[in-house]
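Chains, contacts and geometry: an overview
The lines below spell out each chain.
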Amino acid sequence: METLIVTPKNKQAIPFLKHLLANLSDVKSVEVVDISDNHIAKSIEAGLLDVKEIIAGKKKGKHLKELLDED
């Protein structure tokens with residue numbers, strides 16, 4: 001399953017968008033996540049940014065052995 005991230009222009013739009021999406025038959029769930037306050041979300045976002053940079057060739061990836069040997 002893929003995840004769709006919707007970023008509203010302002011905080012006032014969140015209740016409307018949440019209500020709209022929740023009433024669509026194709027939507028399984030709607031969850032509002034505040035990335036600025038969520039440490040796990042920040043970590044995942046940083047990891048995704050690293051992956052995008054590696055794919056774009058802007059950053060060099062590491063082998064699994066190198067990651068496991070890091071202290």
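Scroll up for the structure.
Report on the accompanying structure. What you are looking at is a predicted structure, and each value in this text was computed from that prediction instead of being measured.

**Some thoughts on a nonpolar patch on the surface**
A surface patch of nonpolar side chains, about 320 Å² in accessible area, is lined by I40, I44 and L48. Within the secondary structure, I44 is located in helix α2 (residues 39-56).

**Some details on the environment of S25**
One can find S25 in the loop between α1 (14-22) and α2. Note: C-alpha distance between S25 and G61 (36 residues apart in sequence) is 41 Å.

**Describing the pattern of salt bridges**
Going through the model one piece at a time under the given rule, you end up with three salt bridges. In this structure, E70 and K62 form a salt bridge, with 2.3 Å as the shortest nitrogen-oxygen distance. You can call E70 partly exposed: its relative accessible area is 42%. Its relative accessible area of 51% is what places K62 among the exposed residues. The closest approach of N and O atoms between K65 and D69, which form a salt bridge, is 3.5 Å. With K65 and D69 both in helix α3 (residues 64-69) and four residues apart, this pair spans about one turn of that helix. As far as burial versus exposure is concerned, K65 and D69 are alike and both exposed.

Conventions and cut-offs
- Residues numbered from 1 in each chain as written.
- Predicted model: local features only at pLDDT ≥ 70, side-chain atom pairs only at ≥ 80, totals over all residues.
- Heavy atoms only, no water.
- Patch = residues over 30% accessible without salt bridge, like charges linked within 9 Å, V, L, I, M, F, W, Y side chains within 5 Å.
- Areas by Shrake-Rupley, 256 points an atom, 1.4 Å probe, with all protein chains shown as cover.
- Salt bridge = Lys/Arg side-chain N within 4 Å of Asp/Glu carboxyl O.
- Helix = DSSP H or I, 4+ residues; strand = E, 2+ residues; numbered from the N terminus.
- Buried < 20%, exposed > 50% of the residue type's maximum accessible area, 1.4 Å probe, protein only.

The quantities given are spatial measurements derived from coordinates; they are silent on function.
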